[in-house]
Amino acid sequence: MKKVHTVPSGYEQEVHGEVATMIVDEVGIIEHANEHLLRLGGWDLKMLVGKVWYDALVPVNVRMSVAQRFGFIVNVRNEPHYVEAPLITPNGQQRIIAWTFTAQHETDLEPFRWRAVGIDVTHWIKERDLLVARIDYETVHDPLTGLMNGVTFRGMVDTLIRSAIEREEIVGVILLNIDRFRSIDEIAGREIGDSLLFEVAQRIKRCRGNDIIARWGGDEFTIAVSGIRTKEEVEAAARHIAEHIHSPYHIDGRSFHLHTRIGLSVAPHDGARADDLMQHVSVAVDVAKTLRGDHIVSFSEALGRQIEEQVVLEQELHGAIERGEIVVVYQAQVDAVTREVVGVEALARWYHSRLGEISPTVFIPIAEGIGLIRTLGLHILRESLLQAKQWREMGYPPFRMAVNISPRQLGHPTFVHDVFALLATTDTDPRFLELELTESAVMEDMESATEVLQSLARSGISIALDDFGTGYSCLAYLDQLQVSTIKLDRIFLRSSSHAKDPNALLRGLIALGKALDLRIVAEGVENEEHIARLDHEGADVYQGFFFSRPLTVDEVTRLLDQYGVKSEFDKETPLTENDN
Ligand code: C2E
Ligand code: CA
Ligand code: CA
C-alpha cells in the first residue's frame with residue numbers, strides 16, 4: 001500500500017460526512033480528500049492528491065497569504081491551528097472554509113501528517129463581517145445624528161493638521177454649543193430634543209458637507225474646516241453655520257428657535273495637536289457663554305492667558321485674607337463748603353507677593369464667583385470699622401465710614417446679623433456707617449433687598465446709592481430702599497463741550513436728589529473745573545483725586561490733620577463717648 005493513500009483510523013466516518021476533510025503531509029501536500037470536499041470543488045481525488053493544498057484549493061489572489069499562514073503553523077505541532085481560506089469553486093461562487101489542522105503524530109506505521117477538517121463558514125463570515133462593520137460604525141458614530149463621535153474626530157483632526165502644515169494651510173476647529181438646550185429638552189420632551197439635535201446635525205452637514213463634522217457631546221457639535229489659509233475663512237464658516245441653526249425649526253406643528261455659543265481655534269497657530277485645539281476651543285465657548293447673545297469667540301493667546309490668570313487668581317484668593325494680602329485704603333470725602341473731611345470710603349486692595357496689586361474690579365467678582373464674598377466682605381467691613389474706632393480713639397471727631405457692599409453679600413441670609421455683630425464688637429454707632437450699594441445690587445431681588453435695607457436703616461446706618469445715574473435709576477424705589485445718600489457717578493463731570501449746556505445733566509440729578517432730601521456726594525472730582533461746576537450746582541460732598549487719592553491709614557491721618565474733620569453727628573449720641 002502506497003503511503004500517500006493510507007487513511008488514518010477514524011477517518012472513514014468523515015469521508016461521507018457534511019464536513020470537508022483532507023490529509024496533508026508535513027509540508028502541505030494533499031494525500032487524501034473526502035467526498036464532501038471533492039463535491040464542493042467539483043474535483044476528483046486524483047486532481048488533488050500530490051498537490052500542495054493551498055495551490056489546489058485556494059484562489060490565486062489570496063494564495064500567498066494563506067500559504068504564509070500555513071507556514072507559521074507547521075512548526076507548532078502540539079496544538080490545533082485555525083486557517084480561514086476561500087475555496088476555488090467551479091461556478092465561481094465565493095465559499096469560505098475554516099480549516100482546523102491537527103497534527104497526526106508519527107508512529108511506526110504512519111508518517112507525520114496534518115488532518116484538516118474544514119467547515120463551510122461562508123454564511124457566517126458574511127454576517128460576522130457585517131456585524132464587525134456595524135460595531136465599527138457604532139463605535140465611531142453617534143447613533144442619533146449619524147455624525148462621527150468626538151474620539152474619531154480628534155484622530156481625524158490630527159491627520160488633517162499634519163497634512164495642512166505640509167501644504168502651508170490651516171485647520172479651523174469650530175465648537176458649537178446650543179444655548180440652554182437642557183431646558184428645551186426638559187420642557188418640550190426628550191423626543192423633540194432628539195429631533196432638534198438631528199435637524200441641527202443635518203443643517204451643519206448642509207452648510208459644511210465636505211468638512212469633518214462630529215457630535216462632541218450632548219448639545220455640542222464640532223466642525224473641522226480644512227483646505228483654507230486664513231482665520232477669516234473659519235469665522236465665515238462659523239457665521240454661516242450659526243445663521244442656519246438660528247432659523248426656526250418646525251416639529252410636530254410647533255416652532256422652536258435655537259441659540260448658539262460658538263468658539264473657534266486654528267491650527268497650527270493655536271496649537272498643532274487636536275487635543276490643544278479642542279481645549280482652546282472649549283475655552284472660547286466658555287467665554288462665549290458669559291456673553292449675552294449668539295456670540296462667536298475666537299481663541300487667542302490673550303484669551304487663554306486671561307482664563308489662566310483667572311484660575312490662578314481664584315486659587316490665590318482663597319488664602320489671601322489669612323496671608324494679610326487684602327488691605328483697605330481710604331479715600332476722603334470733603335464738605336463742599338468748608339472742605340473739611342466728613343467721611344472716608346473704604347476701598348479694598350489686594351497686594352499679592354508675586355502678582356502685585358490686583359484691582360477690586362478684578363478680585364471682587366472672583367470672590368463672588370467662588371463663594372468667598374461673605375468672608376471677604378466681612379473682613380473689609382471689620383477692618384474699616386476697627387480703623388474708624390482707632391481714629392476716634394486718637395481723638396478725631398467721628399466721621400462717616402462708607403463701605404462698598406456687593407450684591408451677593410447683600411443677598412446673604414446672615415448679612416444683617418453680621419453687620420450688627422461687627423458694629424457691636426467695634427463699639428460703633430450705626431450712624432457712622434454708610435453702606436454703598438449699586439442699583440443693580442438692589443434690583444436683583446428688590447423684595448428681600450427692601451427688607452434688609454429697612455432693618456439696617458432703622459438702626460441708623462445710612463444707605464448710599466453708588467454710581468448714581470448710570471443704572472436704571474428707578475427713582476420710585478429710592479424711598480422704599482431707605483436711600484439717604486446718592487453718589488453721582490464721575491461720568492457726569494466729564495465735560496461735554498458740544499452740549500448746549502454742559503451742566504444740564506449734573507444740575508438735573510442734583511436737583512432731583514435735593515428734591516428727595518438726599519445727601520449728594522459727587523465722585524471723581526479731579527480738578528478746579530470740576531469743583532467750579534459742582535459749586536455752581538450745589539452738591540454736598542466731594543470725593544476725588546483732587547482732594548485725596550485712596551490712601552493708607554497714615555496718609556489719611558495726616559490728611560485729617562491738614563483738612564480738619566467736620567463731624568456730621570451731634571455729640572449727645574450714646575455711643576460716642578470717645579469723642580472729644
Ligand atoms: P466705586 O465704589 O465707584 O469706587 C470708586 C472708584 O473710583 C475707586 O476705584 C477709586 O479709586 C476711583 N476714584 C476715586 N476718585 C477718583 C477720581 O477722581 N478719578 C477717577 N478716575 N477715579 C477715582 P477702585 O478703588 O479701583 O474701586 C473700583 C471699584 O471696586 C469700586 O468702585 C467698587 O465698586 C469696587 N470696590 C472697591 N472696594 C470694594 C469693597 O471693599 N467691596 C466691594 N464690594 N467692592 C469694592
Ligand atoms: Ca463706592
Ligand atoms: Ca462709585
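As shown above, the structure is provided for reference.
In what follows, the accompanying structure is described. (Residues numbered from 1 in each chain as written. Chains lettered and ligands numbered in written order. Predicted model: local features only at pLDDT ≥ 70, side-chain atom pairs only at ≥ 80, totals over all residues. Heavy atoms only, no water.)

### Let's talk about the packing of aromatic side chains
Where we set the bar: Pairing of aromatic rings covers Phe, Tyr and the six-membered ring of Trp, with a centre-to-centre limit of 6.5 Å; geometry is then stacked below 30 degrees between planes, edge-to-face above 60, and tilted otherwise. Secondary structure follows DSSP: runs of H or I at least 4 residues long count as helices, runs of E at least 2 residues long count as strands, and numbering of each begins at the N terminus. Only protein chains enter the accessibility calculation, which uses a 1.4 Å probe; a residue is then buried when its area is under 20% of its type maximum, exposed when over 50%, and partly exposed in between. Whether a charge lies above a ring is judged from NZ of Lys or CZ of Arg, which has to be within 6 Å of the ring centre and within 35 degrees of the ring normal.
Counting across every chain of the model gives 16 aromatic pairs. When the ring of F153 is compared with that of W216, the centres are 6.2 Å apart and the planes differ by 75°; the resulting orientation is edge-to-face. On the criterion of sequence distance, the pair formed by F153 in helix α7 (residues 150-166) and W216 in strand β8 (residues 212-217) is long-range, its members being 63 residues apart. You can call F153 buried: its relative accessible area is 0%. What makes W216 partly exposed here is its relative accessible area of 24%. A connected cluster of aromatic rings, assembled from ring pairs, spans W53, Y54, F70, W99, F101, F112 and W114. Sitting above the plane of the Y249 ring, R203 keeps its charged end 3.6 Å from the centroid. When the ring centre of F545 is taken as reference, the NZ or CZ atom of R549 above it lies at 4.0 Å.

### Quick look at the pattern of salt bridges
Rules: The term salt bridge refers to a pairing of a side-chain nitrogen on Lys or Arg with a carboxyl oxygen on Asp or Glu at a separation within 4 Å.
Under the definition given, this model contains 30 salt bridges. Across the pair R113 and E110 runs a salt bridge, and its minimum N-O distance is 3.6 Å. For R113, a relative accessible area of 1% puts it in the buried group. Put simply, E345, E436, K487 and E523 are held in one network by salt bridges that share partners.

### Observations concerning the coordination of the calcium ion (ligand 3)
Four donors placed tetrahedrally about a metal ideally form angles of 109.5 degrees, and six donors placed octahedrally ideally form angles of 90 or 180 degrees. The line we're drawing: Only N, O and S atoms count as donors, using a 2.8 Å limit from the metal and a wider 3.2 Å limit for Na, K and Ca, and since water is excluded some coordination spheres may look unfilled.
Coordination of the calcium ion (ligand 3) by the protein is provided by D466 (OD), D467 (OD), E523 (OE) and E523 (OE), with metal-donor distances spanning 2.2 to 2.5 Å. Separating the calcium ion (ligand 3) from the calcium ion (ligand 2) is a gap of 4.1 Å, which D466 spans by donating to each of them. Placement of D466 in strand β19 (residues 462-468) and of E523 in the loop between β21 (519-522) and α21 (528-537) is noted, with a sequence separation of 57 residues between them. Just as D466 is buried, E523 falls in that class too.

### Things to note about the site of ligand 1
What counts here: Only a single heavy atom is needed: when it lies within 4 Å of a molecule or strand, its residue is near that molecule or strand. Two N or O atoms count as a polar contact when they lie within 3.5 Å, although within protein this holds only if one can serve as hydrogen donor and the other as acceptor, and sequence-adjacent residues are included solely when both atoms are side-chain atoms. Residue type decides the class: Asp, Glu, Lys and Arg count as charged, Ala, Val, Leu, Ile, Met, Phe, Trp, Tyr, Cys and Pro as nonpolar, and the leftover types, Gly among them, as polar.
Around ligand 1 sit 22 residues in total, of which Q331, R349, D466, E526 and F545 are the nearest. Within the side chain of D467, a nitrogen or oxygen atom sits 3.3 Å from an oxygen atom of ligand 1. At the level of elements, β15 (341-352), α13 (360-369) and β19 are the ones that each hand at least two residues to the shell around ligand 1. A per-element tally of the shell around ligand 1 places β15 first, with four residues. A class-by-class count of the residues in the shell around ligand 1 yields nine nonpolar, six polar and seven charged.

### Considerations on α13
Since the α-helix advances by 3.6 residues per turn, residues separated by three or four positions end up pointing in the same direction. Our working rule: The contact criterion used throughout is that any non-hydrogen atoms of two residues lie within 4.5 Å.
Looking at α13, one finds that the buried residues are F363, I366, A367 and E368. Among the structural elements, α12 (301-320), β14 (326-335), β15, β16 (356-358), α14 (373-393) and α15 (407-410) are those in contact with the buried residues of α13.

### Concerning the nonpolar core
If you look at soluble globular proteins, the nonpolar side chains tend to sit buried side by side. Quick note on the threshold: Buried residues of nine kinds, namely Ala, Val, Leu, Ile, Met, Phe, Trp, Tyr and Cys, make up a nonpolar core once their side-chain atoms join them within 4.5 Å.
Core analysis: the biggest nonpolar cluster contains 76 residues, and L456 and Y542 have the highest contact counts within it. Top element by residues in this core is α14. It accounts for eight residues. Filtering out sequence-adjacent residues up to four positions away, Y542 remains in contact with A332, Q333, V334, A336, R339, A522, V525, I531, L534, D535 and F547. Counting residues in hydrophobic clusters, the runner-up holds 33 residues, among them I170, L197, I245 and I251.

### Details of the environment of T21
When you line up the elements, T21 lands in strand β1 (residues 20-25). Residue T21 is classed as buried on the basis of its relative accessible area, which comes to 0%. In sequence terms T21 and H250 are 229 residues apart; their C-alpha atoms lie 64 Å from each other.

### Quick notes on the sheet that holds strand β3 (residues 81-87)
To be explicit about the condition: Paired strands, in this sense, are two strands between which DSSP finds at least two bridges. Axes, fitted as lines to C-alpha atoms, cover a helix only where it is in contact. Angles between the N-to-C directions of the axes lie from 0 to 180 degrees.
Spatially, the five strands line up as an open sheet ordered β2-β1-β5-β4-β3, and their pairing is antiparallel. At either margin of the open sheet sits one strand with a lone partner, and together these are β2 (30-33) and β3. When the angles between neighbouring strand axes are averaged without regard to direction, this sheet yields 25°. Taken together, the three bridges between β1 and β2 define a ladder with antiparallel strand orientation. Its bridge partner lying in β2, V24 is registered against I30. Strands β3, β4 (95-104) and β5 (113-120) of the sheet are contacted by helix α5 (residues 60-73), whose axis makes an angle of about 165° with β3. Contacts from helix α6 (residues 122-140) reach β3, β4 and β5 within the one sheet, and its direction differs from that of β4 by about 110°.

### Quick look at the coordination of the calcium ion (ligand 2)
Taken together, E345 (OE), N404 (OD1), E436 (OE) and D466 (OD) make up the protein donors of the calcium ion (ligand 2), found 2.1 to 2.3 Å from the metal. Taken in chain order, the donor set of the calcium ion (ligand 2) reads E-x58-N-x31-E-x29-D. You can call N404 partly exposed: its relative accessible area is 28%. Looking at D466, the relative accessible area reads 8%, which means it is buried.

None of this, on its own, says anything about what the molecule does.
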